[in-house]
Amino acid sequence: MRTVIVTGGAGFIGTNFIRHLLEIRPQWRIVNLDALTYAGNAANLADVAARAPSRYRFVRGDIGDEALVRTLLAEETPWAVVNFAAESHVDRSIVGPLAFVETNVLGTARLLLACRRMWEEKGRPADFRFLHVSTDEVFGSLGPAGHFTETTAYDPSSPYSASKAASDHLVRAFQRTYGFPALVTNCSNNYGPFQFPEKLIPLMILNIIEEKELPVYGDGRNVRDWLYVIDHCEALAAVLERGRPGETYNIGGGAERANIDVVHQLCDLLDERLQRGAERSSRRLIRFVTDRPGHDRRYAIDAGKIQRELGWRPRYAFAQALAATVDWYLNHGPWVDSVRSGEYRKWIDRNYGAARDRADTHEID
Ligand code: NAD
Ligand code: DAU
């Protein structure tokens, strides 16, 4: 039996990854270390915890708490650590960057220190691995042509992407300096079940259902390269098991879409399901609002390396997986209600209220 420690497993991608790994590797055990910030929800995995208590353990804690992480590593002696834990929302990083430095930079550094210490104390086991889950946003913005490869220079635009870039550099430095067996993945925009509704796709789905305004930043022509979360999980499992330590792998869906086109598609999918006729088309709810400061224009991933080396390619087509995502949100009302706490409403007021029109980017506390 292999034990894998997953950090940030109560968030969007971590939840999907834990479910996926438990399913494809019945002999493995997962320990989920998560601080349960506003974005984390232990209930996402409550059914797993009830069904397979010997294969799943939840520990509430911060990746930056070195004493706690050291104790956990000593208790579990994991085969691998997969680091998802992060502050992940670009807009929040614009109004409150320090939390991003604390978790994404310092937290990752402390996690690395604790993991390296355990690895040294165990005699540097050859098959141990530390997989750091990162983002394509570290590469900055593309013009109308071209793709990010593993050798594209880092050029982050937001406090979020700068903090993720710093964490990637630290992970690589640990690999080069100490021989620590680390891998890094840089992935494009994910969508699918359990995504916190501050991100574009779930925010728009819920606003359409509730007939609220649909805030599209700038001219709506910014392009993202969308990947269904299950495809990302399959890529991460491939890198974890078969990737070469010291290497970086780009992961992307090859599904470039302008934001406004995604919003139109969501309006049409929901109008069909909610039987809204042309006269009540949800497209009437679209509002072009003040742009995100430093808004990257286009992301697009060249996933050739992971395809060639590990045989991974995305399995889900955008139209089908987007429809499945819409259906998931329609069928999970109680989950939606549970994550939209008072804190969530505070954020929505802060980001989409009067402060947005004043282009007010003063820090929030
Ligand atoms: P998320 O915000 O949904 O979840 C983050 C999780 O980390 C939450 O459960 C939160 O409680 C936990 N967490 C935050 N700070 C912590 C800390 N100090 N210690 C322990 N746990 C902490 O994020 P996500 O969208 O699931 O993204 C997961 C990872 O994947 C992030 O590192 C992100 O940068 C990366 N990523 C995300 C995307 C995407 O499209 N969502 C794409 C590429 C890479
Ligand atoms: O590229 C990978 C990244 O994708 C991840 O590293 C991040 O964690 C994840 O949040 C995501 O970042 P984005 O900034 O691209 O995602 P977001 O859903 O916030 O926005 C997607 C696009 O939609 C972006 O161009 C901004 C725009 N947008 C977003 C919101 C929330 C709007 O037009 N209106 C909105 O209300």
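Residues numbered from 1 in each chain as written. Chains lettered and ligands numbered in written order. Predicted model: local features only at pLDDT ≥ 70, side-chain atom pairs only at ≥ 80, totals over all residues. Heavy atoms only, no water.

Here the focus is the confidence of the model for the protein. On average, the protein scores 96 in pLDDT, and the residues at 70 or more come to 97%. The low-confidence segment residues 360–365 (pLDDT under 50) makes twelve contacts with residues lying over four places distant or belonging to another chain. (pLDDT = per-residue confidence, 0-100. Contact = heavy atoms within 4.5 Å.)

Let's shift gears to the site of ligand 2. If you check the shell around ligand 2, you find 25 residues, and the closest are Asp136, Glu137, Tyr160, Arg292 and Tyr352. Tyrosine 160 is positioned such that a nitrogen or oxygen atom in its side chain is 2.6 Å from an oxygen atom of ligand 2. For ligand 2, an oxygen atom lies 2.8 Å from a polar atom in the side chain of arginine 224. Broken down by secondary-structure element, the contributors of at least two residues to the shell around ligand 2 are α4 (90–95), α7 (200–209) and β8 (214–217). Per element, the largest residue contribution to the shell around ligand 2 is three residues, and it comes from β8. Residue composition of the shell around ligand 2, by class: ten nonpolar, eight polar and seven charged. (Near = heavy atom within 4 Å. Polar contact = N/O pair within 3.5 Å; in protein donor to acceptor, adjacent residues only side chain to side chain. Helix = DSSP H or I, 4+ residues; strand = E, 2+ residues; numbered from the N terminus. Nonpolar A, V, L, I, M, F, W, Y, C, P; charged D, E, K, R; others polar.)

Running from N to C, α7 and helix α9 (residues 259–273) cross one another at 40°; their axes reach a closest spacing of 10 Å. It follows that α7 is oblique to α9 by the angle criterion. Crossing handedness for the pair α7 and α9: right-handed. Contacts between α7 and α9 involve Leu200, Ile201, Met204, Ile205, Ile208 and Ile209 from the former and Asn259, Val262, Val263, Leu266, Cys267 and Leu270 from the latter. Each residue belonging to the contact of α7 with α9 can be placed in one class, and the counts come to eleven nonpolar, one polar and no charged. (Axes fitted to C-alpha atoms, helices over the stretch in contact; angles between N-to-C directions. Parallel < 35°, antiparallel > 145°, perpendicular 65-115°, else oblique. Left-handed = near helix turned anticlockwise from the far one by under 90°.)

With 80 residues, the main nonpolar core has Phe17, Val82, Leu240, Leu266 and Ile306 as its most contacted residues. When residues in this core are grouped by element, the largest group, eight residues, is from helix α8 (residues 229–242). Apart from residues no more than four positions distant in its own chain, isoleucine 306 is found in contact with Ala235, Val239, Tyr249, Asn250, Ile251, Gly311 and Trp312. Counting 23 residues, the second-largest nonpolar core is a separate cluster that includes Val31, Ile63, Val81 and Phe180. (Core = buried A, V, L, I, M, F, W, Y, C linked by side-chain atoms within 4.5 Å. Buried < 20%, exposed > 50% of the residue type's maximum accessible area, 1.4 Å probe, protein only.)

So, about the site of ligand 1. Neighbouring residues of ligand 1: 28 residues in total, closest Ile13, Asp34, Ser88, Tyr160 and Lys164. Interatomic distance of 3.0 Å between a side-chain N/O atom of aspartate 62 and a nitrogen atom of ligand 1. Take isoleucine 63: an N or O atom from its main chain is 3.0 Å from a nitrogen atom of ligand 1. Summarising the interface, the protein chains cover 96% of the accessible area of ligand 1, which totals 840 Å² for the free molecule. Mapped onto the shell around ligand 1, the elements with two or more residues apiece are α1 (12–24), β5 (129–135) and α6 (159–178). With three residues, the top contributor of residues to the shell around ligand 1 is β5. Counted by class, the shell around ligand 1 contains 13 nonpolar, twelve polar and three charged residues. (Areas by Shrake-Rupley, 256 points an atom, 1.4 Å probe, with all protein chains shown as cover.)

Moving on, we come to the side chain of aspartate 225. Looking at the element boundaries, aspartate 225 is found in strand β9 (residues 223–225). There is no salt bridge for the buried aspartate 225, and the closest opposite charge comes from arginine 298, which lies 7.6 Å off by N-O distance. Among the polar contacts made by the side chain of aspartate 225, one reaches the main-chain amide nitrogen of isoleucine 301 at a distance of 2.9 Å. Excluding residues that lie within four positions of it along the chain, aspartate 225 makes contacts with Ser188, Asn189, Gly252, Gly253, Gly254, Ala255, Glu256, Tyr299, Ala300 and Ile301. (Lys, Arg positive; Asp, Glu negative; His and termini not counted. Salt bridge = Lys/Arg side-chain N within 4 Å of Asp/Glu carboxyl O.)

As a further point, take a nonpolar patch on the surface. Together, Leu98, Val101 and Leu106 make up an exposed nonpolar region whose accessible area comes to about 240 Å². Within the element layout of this structure, valine 101 appears in helix α5 (residues 98–121). Relative accessible area serves as the criterion here: at 36%, valine 101 is assigned to the partly exposed category. (Patch = residues over 30% accessible without salt bridge, like charges linked within 9 Å, V, L, I, M, F, W, Y side chains within 5 Å.)

Once that is clear, we can look at unusual backbone geometry. A positive phi angle, near 55°, is found at glutamate 211, a position not held by glycine. Examined against the element boundaries, glutamate 211 turns out to sit in the loop between α7 and β8. For glutamate 211, a relative accessible area of 32% corresponds to the partly exposed category. Even without being a glycine, glutamine 275 presents a positive backbone phi close to 50°. For glutamine 275, the position within the fold is in the loop between α9 and β13 (286–289).

Moving on, we come to the packing of helix α3 (residues 66–76) against α5. Each pair of packed helices gets described by two things: the angle between the helix axes and the distance between those axes. Two numbers describe how α3 lies on α5: the axes approach to 9 Å, and their chain directions differ by 35°. Crossing angle aside, the handedness with which α3 passes α5 is right-handed. From α3, Glu66, Val69, Arg70 and Leu73 reach across to α5, where they touch Arg110, Leu111, Leu113, Ala114, Cys115, Arg117 and Met118. Of the residues contributing to the contact of α3 with α5, the split by class is seven nonpolar, no polar and four charged.

Taken together, seven strands build an open sheet; the order of strands is β3-β2-β1-β4-β5-β6-β11 and the sheet is parallel. Looking at which strands have only one partner, the edges of the open sheet turn out to be β3 (56–60) and β11 (248–251). The average undirected angle you get between the axes of adjacent strands in this sheet is 20°. Here strand β4 (residues 80–83) runs beside β5; their pairing, made up of four bridges, is parallel. Looking at β5, one finds that alanine 80 is bridged to arginine 129. Running over the sheet, α1 touches β1 (3–7), β2 (29–34), β3 and β4 and is turned about 170° from β2. Contacting β4, β5, β6 (182–187) and β11, α8 crosses the sheet at an angle of about 150° to β5. (Pairing = 2+ DSSP bridges.)

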